[in-house]
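Residue-level structural notes
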Amino acid sequence: MIRTVESPSHVSAPVLAAYSYCEAVTGQQARNFAYGIRLLPTPKRRAMSALYAFSRRVDDIGDGELPGETKLTRLEDTRALLARVHAGEVEEDDTDPVAVALAHAARAFPIPLDGLDELIDGVQMDVRGETYETWDDLKVYCRCVAGAIGRLSLGVFGTEPGARGAERAPEYADTLGLALQLTNILRDVREDAQGGRTYLPADDLAKFGCSAGFNGPTPPEGSDFAGLVHFEVRRARALFAEGYRLLPMLDRRSGACVAAMAGIYRRLLDRIERDPEAVLRGRVSLPGREKAYVAVRGLSGLDTRNATRHVAPRSVRRRA
C-alpha cells in the first residue's frame, strides 16, 4: 500500500488525545529515551512517543507474568494490529490510542513500520528463551529489538538534503541501536540472570570463565568477569563510533536527540568500565542532573560536531 504523507502539524482532537496518551507513557516509563526526544520539534516528538508506546506494549507482553503460549498469542494479536496500521485501516475514532497515534505518525512521516514486526520477532525470541552462541547470533536479536528502532526513528528524523553518505544512514542507525542494546545487556546482566535469561554470547562467557552465570553480587568463582566486561565494552564502543557517523546527516534538533540518548548510554558504559562488578550489585544509572547535562551538550551540537572524531579504526570495527 502507498501511504499518503500528510502534514505532521495537522492534528485533530482525537489524534491529539492519542498522542498525549503516548507521551504520558513515554514520560513515565522511558526516562533515558524521554530526555532525548524532549529536544525534538512537537510533530517529531509526538511521532517518537507513538513509536515508543507501541514498542513498550510489545516489551511488556514479553516481560509479563503470563504463560509463554499466552504471550506468543498476544504478540501475534499485536502484530495483527500493526498490520491494520500498515494497511491504513485504523480510524481516528478507534478505541486504542496507541494505534491511533501510530497510524497518524505513519501518515505524517516515512516510517518503515516493518521494523515493528522485527521488534515483535525479537520479543518472541525472548519468550522462547533463546540463547546465543556467538556475537553474530546475538546481533540478529539486537537488530530486531534495537537496530530496528534506530531505523524506525530515522524515518521520523529524516536526513538533511544533500547530506554526504545519506544512503548509509539506515545502516548507521541500526548500528547505533546495537550499541545501545549491548550497553543495556551489560547493565542488566544480573537482573536478566535472575529472570532466567542470558544474552551475552556463550563463546564470550566461556572465554572468560563465566559460563556458570551471574546469580549474586560477586563474579563466578575463578572467572575473569572484569575481562569479560571490558571485552564487551570495547565492542560497544566500536559500535557507537560507527553509529555516530549518523549524526552529521541529521538536522540540528534530530541530531541533538540522538546525541543525547547515545550520550547517556556512553556515560553508562564509562561507569561500567570503571567498576565492572557494579552491574552485579545493582542497576547502574545516571542521576537526572547528568542526563540533563548530556541533553544540553546534544542541543549545543558539541557531540554532533565531534561525531566523526569518534570513528573507530577499521581493525577495531572488524573485531566488533
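Below: a short report on this structure. All of these numbers come straight from a predicted model, not from anything done at the bench. (Residues numbered from 1 in each chain as written. Predicted model: local features only at pLDDT ≥ 70, side-chain atom pairs only at ≥ 80, totals over all residues. Heavy atoms only, no water.)

For the rest of this paragraph, the subject is the overall build of the protein. Each helix and strand in the protein was counted, giving 16 helices and 0 strands. For the protein, buried positions account for 52% of its 320 residues. For the protein, the proportion of contacts with a sequence separation of at least 24, taken over those separated by at least 6, is 74%. For the protein, the computed accessible surface area is about 14600 Å², with 50% contributed by carbon and sulfur atoms. (Helix = DSSP H or I, 4+ residues; strand = E, 2+ residues; numbered from the N terminus. Buried < 20%, exposed > 50% of the residue type's maximum accessible area, 1.4 Å probe, protein only. Contact = heavy atoms within 4.5 Å. Areas by Shrake-Rupley, 256 points an atom, 1.4 Å probe, with all protein chains shown as cover.)

Bringing the environment of D117 into the picture now. Within the element layout of this structure, D117 appears in helix α6 (residues 114-127). Residue classification places D117 among the partly exposed residues on the basis of a relative accessible area of 21%. Sequence spacing of D117 and R79 is 38 residues, and the spatial spacing of their C-alpha atoms is 6.6 Å. Once residues within four sequence positions are removed from consideration, D117 is found in contact with R79 and L82. A polar contact of 2.9 Å, which involves the side chain of D117, links it to the side chain of R79. (Polar contact = N/O pair within 3.5 Å; in protein donor to acceptor, adjacent residues only side chain to side chain.)

With that settled, consider helix α11 (residues 225-243). In this model α11 runs 27 Å from its N-terminal to its C-terminal C-alpha over 19 residues, within 8% of the 27 Å that 1.5 Å per residue would give. Counted residue by residue, α11 has 15 buried out of 19 residues, so it is predominantly covered. (Expected span 1.5 Å × (residues − 1).)

Time to look at the side chain of K71. Looking at where K71 falls in the secondary structure, it is placed in helix α4 (residues 68-86). Although K71 lies buried, it forms no salt bridge, and the closest oppositely charged side chain, D63, sits 6.5 Å away as judged by the N-O distance. Excluding residues that lie within four positions of it along the chain, K71 makes contacts with I61, G62, D63, G64, E65, L66 and V127. (Lys, Arg positive; Asp, Glu negative; His and termini not counted. Salt bridge = Lys/Arg side-chain N within 4 Å of Asp/Glu carboxyl O.)

Our focus in this paragraph is the packing of α4 against α6. It is the contact of α4 with α6, at a shortest axis distance of 10 Å, that shows an interaxial angle of 180 degrees. One way to sum up the angle between α4 and α6 is to call them roughly antiparallel. Across the interface between the two elements, G68, K71, L72, L75, E76, T78, R79, L82 and H86 of α4 pack against D114, L116, D117, I120, D121, V123, Q124 and V127 of α6. Split into classes, the residues belonging to the contact of α4 with α6 amount to 7 nonpolar, 4 polar and 6 charged. (Axes fitted to C-alpha atoms, helices over the stretch in contact; angles between N-to-C directions. Parallel < 35°, antiparallel > 145°, perpendicular 65-115°, else oblique. Nonpolar A, V, L, I, M, F, W, Y, C, P; charged D, E, K, R; others polar.)

Here we come to the packing of aromatic side chains. Tallying each qualifying case throughout the model produces 4 aromatic pairs. Summarising the aromatic geometry, the rings of Y132 and Y141 are spaced 5.6 Å apart at their centres and angled 35 degrees between planes, so their arrangement reads as tilted. Judged by centre distance (5.7 Å) and plane angle (45 degrees), the rings of F208 and F231 are tilted. Here F208, found in the loop between α10 (202-207) and α11, pairs with F231, found in helix α11; they are 23 residues apart in sequence, far enough to count as distant. Taking the relative accessible area as the measure of exposure, F208 reaches 15% and is therefore buried. (Phe/Tyr/Trp six-rings, centres within 6.5 Å; stacked < 30°, edge-to-face > 60°.)

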